[in-house]
Amino acid sequence: MNRLKNISKRFPVKMLGTSLLLLTLCLTGCSSREDKNANPAGTNAGTTADANASAQPDQSEPETGTAASPAETEEVSMTDDANPANASEASGATDPATDTDSKNAQTEAAKKEPPAGWELTLPKEDWGLFFEHPGSFEQPSGNASPEDLAWYDAYYMGNAEDKVLYLTFDCGYENGNTEPILAALKKHNVKATFFVTGAFLESAPDMAKKIAEEGHTVGNHTYNHPDMAAIADLESFKKELDDVSDLFYEITGTELAPYYRPPQGKCNVDNLKMAQELGYATVFWSLAHVDWDQENQPSHEEAFEVITQRTHPGAVVLLHAISQTNGEILDEMLTRWEDMGYTFGTLKDLTGK
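Criteria and thresholds
- Along each chain, the written sequence defines residue order, and numbers are assigned to residues from 1.
- Only residues with pLDDT of at least 70 are given local features in this predicted model, and only at 80 or more are side-chain atom pairs given and counted; all residues enter the totals for whole chains, interfaces and linings.
- Derived side-chain values reflect all non-hydrogen atoms in the structure, with water molecules and hydrogen atoms excluded from consideration.
- Helix and strand labels come from DSSP, where a helix needs a run of H or I of at least four residues and a strand needs a run of E of at least two; each type is numbered from the N terminus.
- Between buried and exposed lies partly exposed: a residue is buried under 20% and exposed over 50% of the maximum accessible area for its type, with that area taken using a 1.4 Å probe on protein chains only.
- By the convention used here, residues are in contact when the closest approach between their heavy atoms is within 4.5 Å.
- Axes, fitted as lines to C-alpha atoms, cover a helix only where it is in contact. Angles between the N-to-C directions of the axes lie from 0 to 180 degrees.
- Angle categories are assigned with fixed cut-offs, so that under 35 degrees is roughly parallel, over 145 is roughly antiparallel, 65 to 115 is roughly perpendicular, and the rest are oblique.
- Side-chain classes follow a simple rule in which Ala, Val, Leu, Ile, Met, Phe, Trp, Tyr, Cys and Pro form the nonpolar group, Asp, Glu, Lys and Arg form the charged group, and the remainder, Gly included, forms the polar group.
- Two N or O atoms count as a polar contact when they lie within 3.5 Å, although within protein this holds only if one can serve as hydrogen donor and the other as acceptor, and sequence-adjacent residues are included solely when both atoms are side-chain atoms.
- Only the six-membered ring of Trp is used, alongside the rings of Phe and Tyr, when aromatic pairs are assigned; centres must lie within 6.5 Å, and planes under 30 degrees apart are stacked while those over 60 apart are edge-to-face, with the rest tilted.

(A) Region of the structure containing the environment of Thr-346. Counting through the fold element by element, Thr-346 comes out in the loop between strand 8 (343-345) and helix 15 (347-351). On the accessibility criterion, Thr-346 (26% relative accessible area) is partly exposed. In contact with Thr-346, other than residues within four places in its own chain, are Tyr-166 and Lys-191.

(B) Representation of the packing of helix 10 (residues 205-213) against helix 11 (residues 234-252). Relative orientation of the contacting elements helix 10 and helix 11 amounts to 80 degrees, with a least axis distance of 9 Å. Taken together, the axis directions place helix 10 and helix 11 in an arrangement best described as roughly perpendicular. Across the interface between the two elements, Pro-205, Ala-208, Lys-209 and Ala-212 from helix 10 touch Phe-248, Ile-251 and Thr-252 from helix 11. Per-class residue counts for the contact of helix 10 with helix 11 are five nonpolar, one polar and one charged.

(C) Main features of the environment of Ser-286. Within the element layout of this structure, Ser-286 appears in the loop between strand 6 (281-283) and helix 13 (300-310). Taking the relative accessible area as the measure of exposure, Ser-286 reaches 0% and is therefore buried. Once the C-alpha coordinates of Ser-286 and Leu-129 are considered, the two residues, 157 residues apart in sequence, prove to be 6.9 Å apart. When near neighbours in sequence (up to four residues on either side) are disregarded, Ser-286 contacts Leu-129, Phe-131, Pro-140, Tyr-156, Met-157, His-312, Gly-314, Ala-315 and Val-316. In this structure the side chain of Ser-286 is engaged in a polar contact, spanning 3.4 Å, whose partner is the backbone oxygen of Tyr-156.

(D) Molecular detail of the packing of aromatic side chains. Summed over the entire model, instances satisfying the criterion amount to six aromatic pairs. Between Trp-127 and Phe-284, the aromatic rings sit 4.4 Å apart at their centres with planes inclined by 15 degrees, giving stacked as the arrangement. With a gap of 157 residues between them, Trp-127 in the loop between helix 6 (96-112) and helix 7 (146-150) and Phe-284 in the loop between strand 6 and helix 13 connect regions that are remote in the sequence. For Trp-127, a relative accessible area of 10% puts it in the buried group. You can call Phe-284 buried: its relative accessible area is 2%.

Right under this line is the structure:
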């Protein structure tokens, strides 16, 4: 306050007002020049971002006749402006979360829409595998390629470059062999997926609880284990899956994982579409052995030989939990796989769901 009084004494009021006006004009001019220097391109920066954002992934049918995979489409669309921070800066958006949600939705849509005019075809309704060189640790061929199946959220094996196995067990009913399977998995700290039916949940609710409590994933193997390829209407298809998920929630208080395995691998393209519409990933397999016949169980040696010969990177392993042989050999089989340099992944790792 004393400094202001001194200034008023030294300068007349009129002169003080003029000085303040000049100071204001000077500050305004400096601010304007700083703004221009901060964005020398003006609105052109936003124009460049708009051009990048409008670029769409190439969804034309490849010359090979195989549809471009969802992974390839996603890679093409992931330009620099897919980063929410970059997009916000270029477009002037003020809500990064909204921008991220929008781009995630666009990516998800791109993954679910096959190229125009392309349609998946399956040679038969029974899931099948072909091992060209058994014992070579090469991946087998299935009824369709992994890339084509992925358009419908369907999977049967992972990356050929990664020595990762995805363990899955089909649980049609409980006969005492699930316990040693769980013990072996716990010993090796391996998490697996158990596909359960209505009969399993009804007859062994405590075992279903234990599977979930020990950190394993529980998927849907239908309530009545029917030939799902014979079901053409969505309502009946949905009921088979809903009855399992409802009972599992009633027993455990937790939601069933969004993975579906068709009984006996029987499936058609319409089934894949219906499962996808209901939010499920359809999971087949790329490694199995004849283990389901209770009257004709393979010997330990036979099981080890077949499983080892068919082991390959990215294998989705199907074992039946009703198999006495599986319950007896799993501990040693896990050790063998570990000695071969394999690690174990989950279906979430495989499918992203």
